[in-house]
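# An overview of the molecular structure
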Amino acid sequence: MKNILVTGGAGFIGSNFVQLMLKKYDDIFVVVYDKLSYAGNLDNLLPVADNPRYQFYKGDICESDEVNAAMGKYQIDTIVNFAAETHVDRSLTDPGGFIQTDVYGTYILLEAAKKHGVERYHQISTDEVYGAVLEGRSVETDQLKPRSPYSAAKAGGDMMALAYATSFGVSVTITRGSNNIGPYQYPEKVVPLFIINAIDNQPLPLYGDGLQMRDYQHVFDHCEGIDMVLRHGQPGEIYNLGTGVETTNIEMARLILKLLNKPESLIQPITDRPGHDRRYALDCSKIKTLGWQSQHTFEQAIESTVKWYADNEWWWRKIKSGQHYREYYQRQYAGRER
Ligand code: NAD
Ligand code: TYD
């Protein structure tokens, strides 16, 4: 692993991964390949902008010519694919964009991986492909039962990656991560949205009864796990990646308000998301056998995330005040109070 193409590296998890890799290793060259969608942001990569072992390449993973040009130019030997449309709520109004990037785009990258004979193609997937898990925990061999257009598209990407491993011998690994929190998460996802609303004394829009459960893990732990699988995972294998501890959304909202010294009256129940998955829960024994372990409890992860947003208004204030975000917020939340 010398020259890594990190697709979607200007997004939340990808940019944290790039920062980690450049800090940890001095013998790798990282090319971020990203089309800079609404969620892609070069501010996320400012800490590495001057690093001579980092290069940004603007491109779409659905464009084969662009992908192959970047692969050839930088003699890429490893692809880590974070590029995706990622928000369940948006997938309910624009499923087509998700199929395009998360399935077709994955296929284009796999073709490039095959053509250039990469050492490894790593697909970033999600616990959501297992569907709602009301009891017990998902293991990697479970049947996929995605229930939203987002999770269905991600499951399609996983299946295509495994098919390229079987049919063409591409060295594929997959990680299925739980919900990430931490620096640089676009504030339409629940945790940063609740934090910046609380800072501004605005309501925290809580879907349904707020008793849905998610395994919120620190993005740093997720990125370490991906690195572990890249170095020690077996080709053709899938690894779940999370803390194994679930929290309800209402508990998460209350903790954010407590940390910011704000009243619980800011919690505003609103109509539920259609088809809302009640619970995701991962069994992470397999990745632990590689030596990986989560380093942050839920409380530590939330606390450091709240601190980061409180300390970095420069990062989110321009997003929140921008027209794209304001229009999205209005479309998504107006008139849903219960
Ligand atoms: P994000 O929305 O913050 O970032 C996605 C990035 O992909 C952006 O920089 C965007 O510009 C880029 N992108 C989108 N379409 C593209 C295209 N066609 N070509 C090139 N670049 C494109 O997402 P994230 O939260 O960082 O998620 C990254 C990956 O991790 C995704 O594959 C997601 O499914 C997966 N994942 C996310 C979570 C989570 O909690 N955020 C959990 C598990 C798995
Ligand atoms: P989200 O961050 O969209 O991640 P995902 O649905 O992919 O897990 O949402 C996390 C949880 O928070 C989910 O149960 C939906 C809920 N939620 C709210 O209650 N209010 C909100 O405004 C949002 C965006 C999400």
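Below or above, wherever it landed, is the structure these notes cover. (Residues numbered from 1 in each chain as written. Chains lettered and ligands numbered in written order. Predicted model: local features only at pLDDT ≥ 70, side-chain atom pairs only at ≥ 80, totals over all residues. Heavy atoms only, no water.)

## As for the overall build of the chain
Looking only at helices and strands, the chain has twelve helices and 13 strands in total. Relative to the globule expectation of 20 Å for 338 residues, the C-alpha radius of gyration of the chain, 19 Å, shows essentially globular dimensions. Each of the three principal axes of the chain carries a C-alpha extent, and together these read 55 × 45 × 40 Å. Here the chain, with 338 residues, has 57% of them falling under the buried criterion. Contacts spanning at least 24 positions in sequence make up 83% of the contacts within the chain whose residues lie at least 6 apart. (Helix = DSSP H or I, 4+ residues; strand = E, 2+ residues; numbered from the N terminus. Rg over C-alpha atoms; globule rule 2.2 N^0.38 Å. Buried < 20%, exposed > 50% of the residue type's maximum accessible area, 1.4 Å probe, protein only. Contact = heavy atoms within 4.5 Å.)

## Observations regarding the pairing of strand E8 (residues 204–207)
A regular strand carries its side chains on alternate faces of the sheet. What you see with E8 is no split at all: Leu204 and Leu206 on one side and Pro205 and Tyr207 on the other are buried throughout. Relative to strand E13 (residues 267–270), E8 runs parallel, the two sharing four bridges. Across the sheet, the residue bridging to Pro205 is Gln268, located in E13. (Pairing = 2+ DSSP bridges.)

## Things to note about the site of ligand 2
In the vicinity of ligand 2 lie 19 residues, with Glu128, Arg214, Arg273, His276 and Tyr333 positioned nearest. Residue Val190 places a main-chain N or O atom 3.0 Å away from an oxygen atom belonging to ligand 2. Here an oxygen atom of ligand 2 sits 2.8 Å away from a polar atom, N or O, in the side chain of Asn249. Here ligand 2, which alone exposes 510 Å², has 97% of that area covered by the protein. Listing elements by their share of the shell around ligand 2, those giving two or more residues are helix H3 (88–93), helix H6 (190–199) and E8. Residues of the shell around ligand 2, tallied by class, amount to eight nonpolar, five polar and six charged. (Near = heavy atom within 4 Å. Polar contact = N/O pair within 3.5 Å; in protein donor to acceptor, adjacent residues only side chain to side chain. Areas by Shrake-Rupley, 256 points an atom, 1.4 Å probe, with all protein chains shown as cover. Nonpolar A, V, L, I, M, F, W, Y, C, P; charged D, E, K, R; others polar.)

## Some thoughts on the pairing of strand E5 (residues 120–126)
By the criterion of burial, E5 is predominantly enclosed, with seven of the seven residues buried. Of the two faces of E5, the one lined by Arg120, His122, Ile124 and Thr126 and the one lined by Tyr121, Gln123 and Ser125 are each fully buried. Sheet topology places strand E4 (residues 78–81) next to E5; four bridges connect them, and they run parallel. Of the residues in E5, the one forming a bridge with Thr78 is Arg120. As defined by bridge partners, E5 adjoins strand E6 (residues 172–177) across six bridges and the pair is classed as parallel. Counted as the bridge partner of His122 is Thr173 from E6. Viewed along the sheet, the connection from E5 through helix H5 (residues 149–168) into E6 turns out right-handed. (Right-handed = clockwise from strand over helix to strand, strands pointing away.)

## Examining H5
When the terminal C-alpha atoms of H5 are compared, their 28 Å separation across 20 residues agrees well with the 28 Å that a helix rising 1.5 Å per residue should span. The set of residues buried in H5 consists of Tyr150, Ser151, Ala153, Lys154, Ala155, Gly157, Asp158, Ala161, Tyr164 and Ala165. Those residues of H5 hidden inside the fold are in contact with H3, helix H4 (95–116), E5 and E6. Gly169, located one to two residues past H5, shows a positive phi value of around 70°. (Expected span 1.5 Å × (residues − 1).)

## Quick word on the packing of helix H8 (residues 249–259) against helix H10 (residues 298–311)
In contact at an axis separation of 10 Å, H8 and H10 are set at 50° when each is read in the N-to-C sense. On the basis of their axis angle, the class for H8 and H10 is oblique. In this structure, H8 meets H10 at a crossing whose hand is right-handed. Every residue of H10 that contacts H8 at Met252, Leu255, Ile256 and Leu259 is listed here: Phe298, Glu299, Ile302, Glu303 and Val306. Tallied by class, the residues present in the contact of H8 with H10 amount to seven nonpolar, no polar and two charged. (Axes fitted to C-alpha atoms, helices over the stretch in contact; angles between N-to-C directions. Parallel < 35°, antiparallel > 145°, perpendicular 65-115°, else oblique. Left-handed = near helix turned anticlockwise from the far one by under 90°.)

## Examining the site of ligand 1
Ligand 1 sits among 28 residues. The nearest are Ile13, Asp34, Tyr150, Lys154 and Asn180. One of the backbone N or O atoms of Lys35 is found 3.2 Å from a nitrogen atom in ligand 1. Contact distances for ligand 1 include 3.2 Å between an oxygen atom and a backbone N or O atom of Phe82. In isolation ligand 1 has 840 Å² of accessible area, and contact with the protein removes 97% of it. Listing elements by their share of the shell around ligand 1, those giving two or more residues are helix H1 (12–24), E5 and H5. If you tally residues by element for the shell around ligand 1, the top one is E5, at three residues.

Honestly, it's all geometry; don't read function into it.
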